[in-house]
Amino acid sequence: MGALSLSWETLELHTAQPFGIARWTHSVYPRTFVTFTQDGVRGQGEAAPNAFYGETRATVEGVLPLLSGALEDPWDWDGLGARLAARMPQGHPSARCALEMAAVDWCARAVGRPAWQLLGLSPLPLPESSYTVSIAALDDMRRQAREAAARGHRALKVKLGTDHDEAIVEALRGEAPGVALRVDANAAWTRPQARRMLDVLAAARAELVEQPLAAGDLEGHAALRGVSAVPIVADESLHHVGDVLALARAFDGVNLKLAKLGGPLQALRALRLARAAGLQVMMGCMIESSLGIAAAAALAGACDWADLDGALLLADDPYAGLEWTAGQLARPVGPGWGVERR
Ligand SMILES: [Mg+2]
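Residues numbered from 1 in each chain as written. Predicted model: local features only at pLDDT ≥ 70, side-chain atom pairs only at ≥ 80, totals over all residues. Heavy atoms only, no water.

### A closer look at the environment of Ala222
The line we're drawing: Labels follow the DSSP assignment, with helices taken as runs of H or I lasting at least four residues and strands as runs of E lasting at least two, numbered in each case from the N terminus. For every residue, the accessible area obtained with a 1.4 Å probe (protein chains only) is divided by the maximum for its type, and the residue is called buried under 20%, exposed over 50%, and partly exposed between those limits. In what follows, a contact means two residues having at least one pair of non-hydrogen atoms within 4.5 Å.
Secondary-structure assignment places Ala222 in helix 8 (residues 218–227). Its relative accessible area of 23% is what places Ala222 among the partly exposed residues. For the pair formed by Ala222 and Asp252, sequence separation is 30 residues and the distance between their alpha carbons is 9.4 Å. With residues up to four places along the chain from it excluded, the contact list for Ala222 reads Arg249 and Ala250.

### Points about the domain arrangement of the chain
Put simply, the rule reads: Domains are outlined according to an automatic or database domain assignment. The quantity reported as buried area is the accessible area (1.4 Å probe) lost by two parts once they are put together, taken as the sum for both. We define a salt bridge as a contact between a side-chain nitrogen of Lys or Arg and a carboxyl oxygen of Asp or Glu at a distance within 4 Å. Polar contact is defined as a pair of N or O atoms within 3.5 Å, subject to the rule that within protein one atom must be able to donate a hydrogen and the other to accept it, and that residues adjacent in sequence are counted only when both atoms are side-chain atoms.
Domain boundaries in the chain define domain 1 (4–112) and domain 2 (118–341). Centre-to-centre separation of domain 1 and domain 2, based on C-alpha positions: 22 Å. Each partner contributes to the interface: domain 1 provides 39 residues, whereas domain 2 provides 45 residues. Buried surface at the junction of domain 1 and domain 2, both sides included, amounts to about 3400 Å², of which 64% is carbon and sulfur. Interface area lost by domain 1 to domain 2 is led by Tyr53, Glu100 and Arg109, which between them contribute 17%. In this assembly, domain 1 and domain 2 are joined by two salt bridges. The salt bridge involving Glu340 is made with Arg109; its shortest N-O contact spans 3.1 Å. Counting the contacts that link domain 1 with domain 2 gives 16 residue pairs in polar contact (both at pLDDT 80 or more).

Structure representation (structure tokens):
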């Protein structure tokens, strides 16, 4: 093989509206885009660092110079994890993700196929993605829900963890009676709060609730699950492929995100384990460009739920090629992840 090169640049992406969850509200998201080049073929990946998982722009940019040799043989996917581990300590999942994404993209482009085909995934339609209503004043949240439903979104996800969560759920259910309503507490509730909210969610016909309690509270989640009519899905409790089996006793499902698990190959391992353990699976995302979303979409056809609106919330998505009809994303057909830099 010819000489390889690895380069990267960080772009500050902006959401069209400030995006708020229980822990924070931001509108600027630094994302680092990695390009791996060999034999005239380019593979690309995206690092979407999240402070909750111990990463920042600085940690991503600091670790990437150590990693270029890890793509020495981009076809050796099984060995990639060991080569990354040899070059850096634990952690850095979004930096690992960018490298995994670049390796798979490179291989798929080298043979002119979509990455999902190279991963051996079925050409199933993707589940319809939810569209996120972010934490804001109640009237603003009503407006977000009304406008999303009018645009044709049939699944909304609402971020909770305020002092008026019950009012939010009731307002959104009233505003958009026909949509599937998914709720994400982002680990913000206490056990008694969560227990009370389960009744509110059941009455509002919520489709699922994500991460009601703190990440480490498996006992609390197991107890909630025992009395909940609404499926309970782990997000912040899942950091690593190795967590999946332990979560099966406390949750009904898991939310897989490439940037926290270390990339599409790790997410695919987590998906297989989750299925083996009888868990339902959501394919999720961070706020990230259409490159990161395309990689998540490659796996979403094998999942029960998709939550892939990260790039739809951006004002300045640097990648193009995904075709959305409201919340329905078409399978990318181009080579690799199927998106190109604008
Ligand atoms: Mg979540």
